[in-house]
Amino acid sequence: MNMQEQMKTLDYDVLVVGGGIAGGESALNLANIGYKVLIVEKELSIGGKMILLSKVFPTLDCAACITTPKVSEIARHPNITVFTGAEPLKITKKGEHRFEAVVLQNPRYVDVEACTGCQLCEEACPVSVTDEFQFGLIGRKAAFIPFSIASPRVAAIDIENCILCGACERACPPDCIDFTQTEQKYLVKAKAVVTATGFKLFDPLKIPRYGYDKFDNVITSMQMERELAPTRPFNTVLRPGDGKMPDNIAYVLCTGSRDKSVGNPICSQVCCMYSIKQAQLLMGSLPMADITIYYLHIRAFGKGFNEFYAQAQDMGVEFIKGKVGKITEKDNGNLILRYEDIEAGIVKEAEHDMVVLSVGVLPNRGIDEVFDNETLKLDPFHFINQSDILASPAKTSIDGVFVAGTASGPMDIPDSILSGGAASAETTSYLRREESI
Amino acid sequence: MARVNPEFTDELKKYGAFDPNACYNCGNCTAVCTLSDEENSFPRKMVRYSVLGLDSEIKTSLDPWLCYYCGECSKTCPREADPGELMMSLRRWLIAKYDWTGLSGLLYKSLAASITAFVVLAGLVVWFGAYEHFHLETIMHYGHLFEMFAISIVFTFILLPNIIHMWWLSVYKTGKKAPISAYFKAIGELIVHMFTQKRALGCDDNQFRWFEHFILVLGYLSLLFTTVFLDWFSTQSMFIIVLGYIESAVIFVVTFDFVRRRIQKDQEISKHSQPSDWFFVIWLFLMGLTAFLVRLFIDTNLLDANVWMYIVQLTVLVQWAMIIVPFGKWTHFLYRSFAMYFHRIIELSE
């Protein structure tokens, strides 16, 4: 009770949990028709996974060129407030159109309003750690701007790794670094909630026989995505082991998808297509390279997908049917892939100088535990259950709580945006019901 | 033209196969298998044959015998189709197909038939004991004769024809014309694999299991030799007495560990136990233990007053020799090594 009294109360029409492309789309639609929206984003920037991607399939449009305008629109919209580095601790349904959420704002140790993003703190900071926004390909400082197109593009202090030397404080021209910041809790009142908590990538360490983290030149598809993105770390495609330009790259599909032995029996719906996309992009950036995709079944089911697949074949991407069983490393850093060539029925070994594990989509768990007095039902695979998947795909088991994007299951970007749109439409209809009473 | 037989997997399930129909043909099992190579890519091919019910393809294949069940394929199978257990079931199925008497198949498929066979044989032994008024020396005399006769009869009338049948199916029927010299050239393969199970060393995490198995085979064969030809139970030679003690102790210690593993199911190979597997390890354990105790009773002069001890030992021995050796899991010993032999012959014919 005492704590509740101390909490600052904020009033909104809709609370959107998650500021990725689906949550952002929902928020924008709702804000455009006049509702006040609060986006609570756990990461230091909105834009979700999409803002970190290279290009999108099957159009090969630049992902950042689609995301950044949307992200700026969200950030500047008069009806939208964004909390980054924040998460809901508890959401209580007090009645129809009456939700109360306790939102935790983690300290950034930087005054967001004052920071100009000049990056002098980055230069001054003596601590180097692995950069999670570049998926471990390079390092960053403990005082850092998350990534170049982050929103908000302001610094943050990684307090876990910070040695409190004060170098950033001294270097900061507008004096915006503030180590006295503490956790802040807000009581958010809203009339509806959109859960757009997204997905997690499969951790390939769970398949030790693929040697991820043990063999330097085995990377994940997200790491390759960063190597291909306009804001890429090396400004070209290199293999991490020795910086050599790879000329024989293998893709291992279904890494952690459709695999009961690692606890994820379902298809991730995007890996076939993003691998085909990356293969095409690689043929552009490394014209001499051979690309081989080891697949189980190519699932090219969307609009223009099959043509995109055929295009990759025409470009010379080699497709081999067979799941890679294990990977071993040679002294020169090249990798031997052992697989059964299903069409020939013969076990074979092939050498590649770089291997990309096409990791799957896993549920981002925990959002159901936030709901206090009602149960947010999950499906058997721990994604949010859509209670009426055909008629009202955004509906969840709680009236007034809607789901957008990959929080409800694996899907690609166009589907996520559609899903975000559906969630905003159903939220509007729910809110209008109150107004008409 | 092959004919698809969807009922074949139901038949196979009676031999223990888990769910081959779950397979989506990714080939992971073949790729993780350290024994699989370009000439013999398994187990997916066998899974495929099983799903389609191509029993004539399986019957003429030696692939099931080339697998030594490390369980890696089952552990990593994305569909949990359990290819390792499928290969094990195919070996049981093949044993049933090789066996001209048809009893192997009956005992594998019906637990009731197995138990009946065990009970009937136990009854016969006790009846024989009663018939001889439980006169120890007479029973031991016939018991010793039984060992010799059992070995020769089981081998001549059951195992030898079955091995010829196996050759007929896997070499002759496949149309591989091997010169006679190949049969001599490959004989080394037969002996090496029969006594060492060398191929099992190719399995990844298998060194200790191989070692246990190796000393078990040596212990078993030498105990057989010691009891049958050196007449362990009647000998006065100190050397032979001690040798027999060591051999029987090796058997029951190692098999005790095998039983423990099957109970704890801590490894992939010990997760699925069919009745035939239990009979095999338990009876082998009992063979070692009862033989050990009988000799101990002799050396402590207890046996004359405890004829039952010898009756128990004889019962275990008779059940072992009449059920498990000709029709049960023991036949692996022969079929595995002959499979390597035939496999080599086929290689030489190419």
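Residues numbered from 1 in each chain as written. Chains lettered and ligands numbered in written order. Predicted model: local features only at pLDDT ≥ 70, side-chain atom pairs only at ≥ 80, totals over all residues.

Visitor: So, the sheet that holds strand β22 (residues 346-352) of chain A: which residues are in play, and what are the values?
Guide: Residue and element names in this part refer to chain A. The antiparallel open sheet is built from three strands, whose spatial order is β20-β21-β22. For this open sheet the edge positions go to β20 (324-329) and β22, each flanked by a neighbour on one side alone. Across the sheet, the axes of successive neighbouring strands diverge by a mean angle of 25°, strand direction being ignored. Across seven bridges, the pairing between strand β21 (residues 335-341) and β22 is antiparallel. By the bridge assignment, R338 is partnered in β22 with E349. (Pairing = 2+ DSSP bridges. Helix = DSSP H or I, 4+ residues; strand = E, 2+ residues; numbered from the N terminus. Axes fitted to C-alpha atoms, helices over the stretch in contact; angles between N-to-C directions.)

Visitor: Can you break down the interface of chain A and chain B residue by residue, with the values?
Guide: Contacts between the two partners involve 18 residues from chain A, matched on the other side by 20 residues from chain B. Only β20, β21 and β22 of chain A provide two or more residues apiece to the side of chain A that touches chain B. Along the lines of polarity and charge, the residues of the side of chain A that touches chain B split into six nonpolar, four polar and eight charged. (Contact = placed C-beta atoms within 7 Å. Nonpolar A, V, L, I, M, F, W, Y, C, P; charged D, E, K, R; others polar.)

Visitor: Go over the nonpolar core with me, naming the residues and quoting the values.
Guide: Formed by 215 residues in total, the largest nonpolar core has its most connected members in A:L15 and A:V37. It is helix α16 (residues 307-327) of chain B that contributes the most residues to this core, 13 residues altogether. Beyond its immediate stretch of four places on either side in the chain, A:V37 contacts A:Y12, A:D13, A:V14, A:V16, A:A27, A:L30, A:A31, A:N79 and A:I80. (Core = buried A, V, L, I, M, F, W, Y, C linked by C-beta atoms within 7 Å. Buried ≥ 20, exposed ≤ 12 C-beta atoms within 10 Å, placed from the backbone.)

Visitor: I'd like to hear about the domain arrangement of chain B, residue by residue, with values.
Guide: Residues and elements named next belong to chain B. What the domain assignment reports for chain B is domain 1 (8-98) and domain 2 (103-349). Relative to domain 2, the C-alpha centre of domain 1 lies at a distance of 26 Å. Elements supplying a minimum of two residues to the side of domain 1 that touches domain 2: α5 (63-66), α6 (72-76) and α7 (83-98). Looking at the side of domain 1 that touches domain 2 element by element, the count peaks at six residues for α7. (Domains from an automatic or database assignment.)

Visitor: Go over unusual backbone geometry with me, naming the residues and quoting the values.
Guide: Across the junction of A:S151 and A:P152, the peptide omega takes the value 0°, indicating a cis bond. By the element assignment, A:P152 lies in the loop between β11 (143-144) and β12 (156-157). Between B:F42 and the following residue, B:P43, the backbone shows a cis peptide bond with an omega angle of 5°. Along the chain, B:P43 turns up in the loop between α2 (28-32) and α3 (44-52). For A:D213, which is not a glycine, the phi torsion comes out positive at approximately 80°. Within the fold, A:D213 resides in the loop between β15 (199-201) and β16 (218-220). Under the C-beta neighbour-count criterion, A:D213 is labelled partly exposed, with 13 such atoms within 10 Å.

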